[in-house]
Amino acid sequence: MKSLKFLIPLALFGVLALFLAAGLKLDPREVPSPLIGKPAPDFKLTRLDDPTASISRDDMLGKVWILNVWASWCVACREEHPMLVEFAQRKLVPVYGLNYKDVRADGTAWLSRHGNPYEASLFDGDGRVGIDFGVYGVPETFVIDRKGVIRFKQIGPLTPEVLRDRIEPLLKSLQA
Amino acid sequence: MTHPETRFARVVLLACLVLFGATSPLRAGEAAPAADDPALEARLVAITSELRCLVCQNQTIADSHADLAVDLRNQVREMLRRGDSREQIVAYMTARYGDFVLYRPPLKESTALLWFGPALLMVAGLVVLVVVLRRRARLPDESFETDDDTSGPTPAAGGPTS
């Protein structure tokens, strides 16, 4: 028993190494959102394509929907965009955009260049609604249920894995 | 007549002048909205320097030049003008970004280890130290190596050795 004592430092090192290795895999940019399971913040914004028509939170009650935060200045948005266009074509769920801190003309031009997956985009020029949704890393994607409760949030670009393994099963259970 | 070296030096000097001349007005522009109410700005700095900027996570909202930090400072400024308390502002931030924004996290079950971990580590270290020292004090003299005064290099304190 006593002869194994010299292994203690090695064992301690092993434990430390395991902790550090696990720490490397964590993404510090992914802050757990306190909004999950809470009602989506109230908003009333004009449409990107029509400054006279507005959409509010209560208009969306009764259906499951996806809110995708995007901007024409956002490089990572371009990366996820083809995936989103394809996803929207499958018509599983209405996808709405939140055009965050953008200029109307730039946003509209961006959509006509890269394709428009959105039922409508809400125009959030000063970023107020973005702040209410706790947006800090565009693009972000929210899944909101029939009662207007946020059920899922993706920070950063969507990936095929997230869409397939997280969002689609969630949509199925919410729409059941 | 000019040497190539002096000509090069002139070009460098000119480049420096152009560069610094071009950036300084930009820098001067950023401090603009502060002046009108120093007391409010002081409170703003006091509050926002305890909030983490989400975009560049090692900076406070007070320090950061990120777009979001600027927006949040404006938001806090507006709330202060409206007469909101520090607690209300902190609640506003944590409702959106979670306890993560607080540089001084609240004392909860999930953060107990964070708060008391260092003290626990120190107590554990002290306990180990005391145990080791007491065990060593009980050991008989034979278990220590003797200081061999004759063979060891014991330099005399000062003075040359002959």
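Worth saying up front: this structure is predicted, and the values here are computed from it rather than measured.

J.: Requested: an account of helix α3 (residues 67-81) of chain B, with residues and values cited.
T.: The terminal C-alpha atoms of α3(B), which comprises 15 residues, lie 21 Å apart, in line with the 21 Å expected from a rise of 1.5 Å per residue. Residues B:L68, B:A69, B:D71, B:L72, B:R73, B:Q75, B:V76, B:R77, B:M79 and B:L80 constitute the buried set of α3(B). Residues of α3(B) that are buried in the fold lie against β4 (95-100) and α4 (128-132) of chain A together with α2 (38-48) and α4 (86-97) of chain B. A positive backbone phi angle near 95 degrees is found at B:G83, which sits one or two residues after α3(B).

J.: Describe helix α5 (residues 160-175) of chain A, listing the residues and the values that go with them.
T.: All names here are of chain A. When the terminal C-alpha atoms of α5 are compared, their 21 Å separation across 16 residues agrees well with the 22 Å that a helix rising 1.5 Å per residue should span. The largest bend in α5 comes to about 35 degrees, at I167, with the proline P169 one to four residues further on. Taken as a whole, α5 has its buried residues at V162, L163, I167, E168, L170, L171 and L174. Those residues of α5 hidden inside the fold are in contact with β3 (65-70), α2 (75-89), β6 (140-144) and β7 (150-155).

J.: I'd like to hear about the pairing of strand β5 (residues 121-124) of chain A, residue by residue, with values.
T.: Residues A:S121 and A:F123 line one face of β5(A) and the alternating positions A:L122 and A:D124 line the opposite face, and both faces are buried. Tracing the backbone out of β4(A), into helix α3 (residues 104-114) of chain A and back to the parallel element β5(A) gives a crossover that is right-handed.

Basis of the calculations
- Residues numbered from 1 in each chain as written.
- Chains lettered and ligands numbered in written order.
- Predicted model: local features only at pLDDT ≥ 70, side-chain atom pairs only at ≥ 80, totals over all residues.
- Heavy atoms only, no water.
- Helix = DSSP H or I, 4+ residues; strand = E, 2+ residues; numbered from the N terminus.
- Expected span 1.5 Å × (residues − 1).
- Buried < 20%, exposed > 50% of the residue type's maximum accessible area, 1.4 Å probe, protein only.
- Contact = heavy atoms within 4.5 Å.
- Bend = angle between axes of the 7 residues up to and from the residue.
- Right-handed = clockwise from strand over helix to strand, strands pointing away.

Everything listed here is a matter of geometry and, on its own, says nothing about what the molecule does.
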